[in-house]
Number of protein chains: 2
Amino acid sequence: MGRRDLAAMITPLGRALIAAERPILHEHGLTMWGYVVLNALDGQPAGAQATLAAAIGADKTRIIPVLDELQRDGLIERQPDPDDRRARLVWITARGRRVREAAQADIQRNEERLLARLPPADRRAFIRALEVLSGDL
Amino acid sequence: MGRRDLAAMITPLGRALIAAERPILHEHGLTMWGYVVLNALDGQPAGAQATLAAAIGADKTRIIPVLDELQRDGLIERQPDPDDRRARLVWITARGRRVREAAQADIQRNEERLLARLPPADRRAFIRALEVLSGDL
DNA sequence: TATTGTTATACTCTATAACTATA
DNA sequence: TATAGTTATAGAGTATAACAATA
């Protein structure tokens, strides 16, 4: 009898990680999609909403309520593109960066507790493998 | 700048694996849930539907159409439990076992192509880590 | 009264279609 | 005519509520 299917191991693990993230994000006043958007915007120059949607693999209609909320909370800003007034440029604010970093610190602290169950070498190899395999999806 | 979040790497990877499985399962006449059910039943003694649902983390109502279809295709059988006639015992048939094994062989063959991108040591460590981390979810 | 399996209903998430304003 | 953003609608997937049979 061989190994279990990768998907059968990875999918529940991903689900568990998401479930663990949810309350942490909530403490920082973020939704999952809000956090994804902040991660995509941080370190990037201002771009159009369509560009952002494509970058995170979401429908353009999907992110609109997310952007509305992030803007209301002062974590991002939006402004019509002077070169093409159909488009709206989006960028992260200083406050958005701080919130994103604080949330990520808490999330990764929690993930470290899970990773602690692995021997150090396996743990480093696991991260390396994930970086490779999730490289170009 | 540190590593990416585990969930941010694992979730898209899981999604990609599921997407790759779908057409393979279709060739074997299986749905994703049907395959999950066959995997849960194989090697197990006949049990009640509620037990099965709990084992795969699904709602008891969720699996009913799945069981109907698997039974129609002769991959499982159902019979009222003589000791508690409210319950219906479910078990996999010989044909169900053959279909499950054939599907899994194709699925894992495909997964191996993905894993081939990793150095052999990392690849073994990755599987080991997944087995550990997905152990008790 | 509680539980198994079932069906019917409601809810959540996501994608598609339709609208506006610009190009 | 086509495209960016938006809104409204519809679809898929899932969970919740209600029911019949049995305990």
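Quick caveat, the model's predicted, so the values are computed rather than measured. (Residues numbered from 1 in each chain as written. Chains lettered and ligands numbered in written order. Predicted model: local features only at pLDDT ≥ 70, side-chain atom pairs only at ≥ 80, totals over all residues. Heavy atoms only, no water.)

**Student:** I'd like a description of the overall build of chain A, backed by residues and values.
**Tutor:** Along chain A, the regular secondary structure elements total six helices and three strands. Tracing chain A from N to C terminus, the helices and strands come up as α-α-β-α-α-β-β-α-α. Oriented by its inertia axes, the alpha-carbon framework of chain A measures out at about 60 × 30 × 20 Å. For chain A, the residues scored as buried account for 42% of the 137 residues in total. Contacts in chain A between residues far apart in sequence, at least 24 positions, make up 48% of those at least 6 positions apart. When the accessible surface of chain A is summed, it comes to about 7,600 Å², and 53% of that surface belongs to carbon and sulfur atoms. (Helix = DSSP H or I, 4+ residues; strand = E, 2+ residues; numbered from the N terminus. Buried < 20%, exposed > 50% of the residue type's maximum accessible area, 1.4 Å probe, protein only. Contact = heavy atoms within 4.5 Å. Areas by Shrake-Rupley, 256 points an atom, 1.4 Å probe, with all protein chains shown as cover.)

**Student:** Summarise the interface of chain B and chain A; cite the residues concerned and give the values.
**Tutor:** With 39 residues of chain B in contact, the opposing surface of chain A contributes 39 residues. Buried surface at the junction of chain B and chain A, both sides included, amounts to about 3,900 Å², of which 64% is carbon and sulfur. Taken together, the connections running from chain B to chain A amount to six salt bridges. The salt bridge involving Glu111(A) is made with Arg3(B); its shortest N-O contact spans 2.8 Å. Joining chain B to chain A, the criterion identifies 22 residue pairs in polar contact (both at pLDDT 80 or more). In terms of residue count, the dominant contributor to the side of chain B that touches chain A is helix H1 (residues 6-27) of chain B (12 residues). For the side of chain B that touches chain A, the per-class residue count stands at 22 nonpolar, six polar and 11 charged. (Buried area = accessible area lost by both parts, 1.4 Å probe. Salt bridge = Lys/Arg side-chain N within 4 Å of Asp/Glu carboxyl O. Polar contact = N/O pair within 3.5 Å; in protein donor to acceptor, adjacent residues only side chain to side chain. Nonpolar A, V, L, I, M, F, W, Y, C, P; charged D, E, K, R; others polar.)

**Student:** Now, about the pattern of salt bridges: what can you tell me, with residues and values included?
**Tutor:** Applying the stated rule across the entire model yields 22 salt bridges over all chains. Of the charged contacts, one joins Asp84(A) and Arg86(A) as a salt bridge, the two residues approaching to 3.0 Å between their closest N and O atoms. For Glu69(B), the salt bridge identified is with Arg72(B), shortest N-O distance 3.9 Å. Of the two residues, Glu69(B) and Arg72(B) are both situated in helix H4 (residues 64-72); the distance of three residues between them amounts to about one turn of the helix. Looking at Glu69(B), the relative accessible area reads 31%, which means it is partly exposed.

**Student:** Describe the relation of the copies chain B and chain A, naming the residues involved and giving the relevant values.
**Tutor:** One copy of the chain maps onto the other through a rotation about an axis plus a displacement along that axis. Laying chain B over chain A is done by rotating through 180 degrees and shifting 0.0 Å along the axis; what remains is an RMSD of 0.1 Å. Put plainly, the chains are arranged around a two-fold axis. The C-alpha atom lying nearest the rotation axis in chain B is that of Phe126(B); the distance is 2.5 Å. By residue overlap, the copies meet face to face through one surface: 100% of the interface positions of chain B are interface positions in chain A. (Least-squares fit on C-alpha atoms with pLDDT ≥ 70 in both.)

**Student:** Got a sec to walk through the sheet that holds strand S3 (residues 84-92) of chain B? Specific residues and values, please.
**Tutor:** All names here are of chain B. If you trace the three strands from one edge of the open sheet to the other, you get S1-S3-S2, paired in antiparallel fashion. Looking at which strands have only one partner, the edges of the open sheet turn out to be strand S1 (47-48) and strand S2 (76-81). Relative to S3, S1 runs antiparallel, the two sharing two bridges. Within S3, the residue paired with Gly-47 across the bridge is Val-90. With respect to the sheet, H4 is in contact with S2 and S3, its orientation differing from that of S2 by roughly 115 degrees. (Pairing = 2+ DSSP bridges. Axes fitted to C-alpha atoms, helices over the stretch in contact; angles between N-to-C directions.)

**Student:** So what's going on with the packing of H1(B) against helix H5 (residues 94-115) of chain B? Which residues, and what values?
**Tutor:** Residue and element names in this part refer to chain B. Look at H1 against H5: their axes get within 10 Å of each other, and the N-to-C directions meet at 140 degrees. Considering the angle they form, H1 stands oblique to H5. Relative to H5, H1 is oriented so that their crossing is right-handed. On H5, the residues touching Leu-13, Leu-17, Ala-20, Glu-21, Ile-24 and Leu-25 of H1 are Ala-103, Asp-106, Ile-107, Asn-110, Glu-111 and Leu-114. In the contact of H1 with H5, the residues fall into eight nonpolar, one polar and three charged. (Parallel < 35°, antiparallel > 145°, perpendicular 65-115°, else oblique. Left-handed = near helix turned anticlockwise from the far one by under 90°.)

**Student:** Tell me about the packing of aromatic side chains, and name the residues and values.
**Tutor:** Taken as a whole, this structure holds one aromatic pair over all chains when the rule is applied. Ring centres of Phe126(A) and Phe126(B) lie 5.7 Å apart, and the angle between their planes is 20 degrees; on these two criteria the pair is classed as stacked. Remark: Phe126(B) occurs in helix H6 (residues 120-133) and Phe126(A) occurs in helix H6 (residues 120-133); the pair is interchain, linking two chains. Among the residues examined, Phe126(B) registers a relative accessible area of 0% and is labelled buried. (Phe/Tyr/Trp six-rings, centres within 6.5 Å; stacked < 30°, edge-to-face > 60°.)

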